[in-house]
Amino acid sequence: MAVLKAGSRPPWVGLGAAVWVQIAAGNAYTFPLYSHALKSVLGFSQQQLTMLGVANDIGENVGILPGIACNKFPPWAVLLVGVFASFCGYGVLWLAVSRTVLSVPYWVLWLALCVATNSSAWFGTAVLVTNMRNFPLSRGTVAGLLKGYVGISAAVFTEVYSMLLNDSAADLLLFMALGIPITCLAMMYLIRACTPASEVDSSEHIHFLFAQAASITLAVYLLTTTILKDILYLSKSLSYILVGIMVIFLMSPLAIPIKMTIFPANNKPIHKTSSIDNLVEGDSDTNQTDLLLTPSSSAAQLDSYYESEDISEVDMLLAVGEGAIKKKRKPRRGEDFKFREAIIKADFWLLWVVYFLGVGSGVTVLNNLAQIGVSLGVNDTTILLSLFSFCNFLGRLGAGVISEYFVRSKAIPRTIWMTVTQVIMVVTYLLYASALNGTLYVATGLLGVCYGVQFGIMIPTSSELFGLRNFGIIFNFMQLGNPVGALLFSGLLAGYVYDTEAAKQQGSSCLGPNCFRLTFLFLAGACVVGTVLSIILTIRIRPVYQMLYAGGSFRLPQTAGH
């Protein structure tokens, strides 16, 4: 049993440290920064390069093992595995790109990239699961904030790449092989499981607003400095100063626990009878997930909602009373599910497919962003990547904030925002396919926002439908939609179409809108399907959200006795 850290300050210390780990967890988004070096230095074709992009996505999103580990080991142990994965994986890639080791086999590089980016799964799972459990009443806000920092990490790495490393792919890989492990080793002991609040703290909302404002300020700063670097000459000393300011912005969430230490508040928690009325106080070594999911005042309402499903309830009660059977019911949506129980539910697979179509199509563009830019006449793609990163961040953060507002005020399921953004993605892919002047940056920005929303919605929805007890395994299985989409849409479709068009031009590189036009039209069709399925999912889970958020605040449902 894990011992929980008591007090109101430790969760905020962990959240501030998690920001740094989440930036490190975004290392997979740096692939466009060094993909050109893999292609030119090692002589790969576009299809070979896109298959390395698939390895990049497989490593980033295959997190079943981290999901299992986070239920059995403390966060620091899970983070430590990610440290070793980052060091070994990026170390091998650096050896190949820097030509320190010659003739590294393709399959070795493919596996090394899988291992390197799999560090993202270990980092992300450790901090996300821990903080979701530390702040169970603000799941959407926490998920949006932390996933937002992952989204903006590409801009952070781009800033380091362009201002400190002189656009050197080899130096970037060395930086990730050494810098990421050092950062996570420094932060791992600050990220701890804490006793969650059972009632709403009057200052919590203000603290989250500050953290969100700090992240938005950082995002705007990164986009501005990246553009300035592209259009102006910046001296080395000025570049170092700009990076130093970025580091200060990254440290800003730690101001919350510092403020709580210097100015301790005597505010009593605001007790909301519509939220959690019967969280039972346990011993200091009580299992955290048991504490989070004890019976609440909403149990009676949830049971009344599900009465229609218990057709033989009277017969069951009679049998139990006579001792003929021992009742052991299955969990209902909104309660704690084991993974094997969740995976047989229609809502589980509807959510998975909708997520798969949204992020699978989006990651296809991200993996080929450098080649898309070059084919349309944009040789320097750092601004494109920073724009995508900035908008990806806005989508992730905004998904948490906006969906949290509507789910509390009107009990509208979060998945409605997956519907809205996938409609926009259809328009975005048609813009890409048109290749009209001035549409590349607009389409990239729109796609970044919509891509980020898929992450920001899927995570809290998974926890609300299937509980927090096995949340690490469930949401990591959902994330498999990303590499599966990358394999099908990027590796098999986009790479093949690109190489076919390049062969027509009798070269290894392809120029013009036809390089990706067929791919974009197919992706638009995939998002049409995703839109229809997300509407079906939203209709199906609306009654669950009406029960969970009746009265305007989250209700912890009764746990099934299993």
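Residues numbered from 1 in each chain as written. Predicted model: local features only at pLDDT ≥ 70, side-chain atom pairs only at ≥ 80, totals over all residues. Heavy atoms only, no water.

Re helix α2 (residues 31–42)
Taking 1.5 Å per residue as the helical rise, α2 with its 12 residues ought to reach 16 Å, and the 15 Å between its terminal C-alpha atoms agrees with that figure. Considered for burial, the residues of α2 that qualify are F31, P32, L33, Y34, S35, A37, L38 and K39. Remark: G43 follows α2 within two positions and exhibits a positive phi of approximately 70°. (Helix = DSSP H or I, 4+ residues; strand = E, 2+ residues; numbered from the N terminus. Expected span 1.5 Å × (residues − 1). Buried < 20%, exposed > 50% of the residue type's maximum accessible area, 1.4 Å probe, protein only.)

Some words on the packing of helix α19 (residues 416–434) against helix α20 (residues 439–466)
The interhelical angle for the contact between α19 and α20, taken along N-to-C directions, is 155°, at an axis separation of 9 Å. Our classification of the angle between α19 and α20 gives roughly antiparallel. Considering only the axes of α19 and α20, their crossing is left-handed. Contacts between α19 and α20 pair W417, M418, T421, Q422, I424, M425, T428, Y429, L431, Y432 and S434 from the former with T439, L440, A443, T444, L446, L447, C450, V453, Q454 and I457 from the latter. (Axes fitted to C-alpha atoms, helices over the stretch in contact; angles between N-to-C directions. Parallel < 35°, antiparallel > 145°, perpendicular 65-115°, else oblique. Left-handed = near helix turned anticlockwise from the far one by under 90°. Contact = heavy atoms within 4.5 Å.)

Some words on the nonpolar core
In this structure, Y34, F123, I152, V365, Y429 and F520 are the most contacted members of the largest nonpolar core, which totals 155 residues. Residue contributions to this core peak at 14 residues, all from helix α7 (residues 139–163). Setting aside residues up to four positions removed in sequence, Y34 forms contacts with N56, Y90, L93, L113, A169, L172, L173 and M176. (Core = buried A, V, L, I, M, F, W, Y, C linked by side-chain atoms within 4.5 Å.)

Examining the pattern of salt bridges
All chains considered together, the criterion is met by six salt bridges. E404 is the partner of R414 in a salt bridge, and the nearest nitrogen-oxygen pair spans 2.9 Å. Highlighted residues: R414 in the loop between α18 (382–409) and α19 and E404 in helix α18, separated in sequence by 10 residues. The class for R414 is buried, based on a relative accessible area of 1%. For E404, a relative accessible area of 7% translates into the label buried. A salt bridge links R414 to E464; the shortest N-O distance between them is 2.6 Å. With a gap of 50 residues between them, R414 in the loop between α18 and α19 and E464 in helix α20 connect regions that are remote in the sequence. Among the residues examined, E464 registers a relative accessible area of 1% and is labelled buried. Linked by salt bridges that have partners in common, E404, R408, R414 and E464 make up one network. (Salt bridge = Lys/Arg side-chain N within 4 Å of Asp/Glu carboxyl O.)

Remarks on the packing of aromatic side chains
Applying the stated criterion to the full structure yields 28 aromatic pairs. Here the aromatic rings of Y221 and F249 are separated by 5.3 Å at their centres, their planes lie at 55°, and the arrangement is tilted. Of this pair, Y221 sits in helix α9 (residues 204–231) while F249 is found in helix α10 (residues 236–251), placing the two residues 28 residues apart along the sequence. By relative accessible area, Y221 is classed as buried at 14%. For F249, a relative accessible area of 24% puts it in the partly exposed group. An aromatic cluster is defined as three or more aromatic residues linked by ring pairs; in this entry it consists of F337, F339, F348, W349, W352, F356, F466, F477, F489 and F522. (Phe/Tyr/Trp six-rings, centres within 6.5 Å; stacked < 30°, edge-to-face > 60°.)

Some words on unusual backbone geometry
A positive phi angle is found at R99, which is not glycine, with a value near 65°. Its location among the elements puts R99 in the loop between α5 (75–97) and α6 (106–134). Phi is positive for A411, close to 55°, though the residue is something other than glycine. Turning to its location among the elements, A411 is positioned in the loop between α18 and α19. You can call A411 buried: its relative accessible area is 9%.

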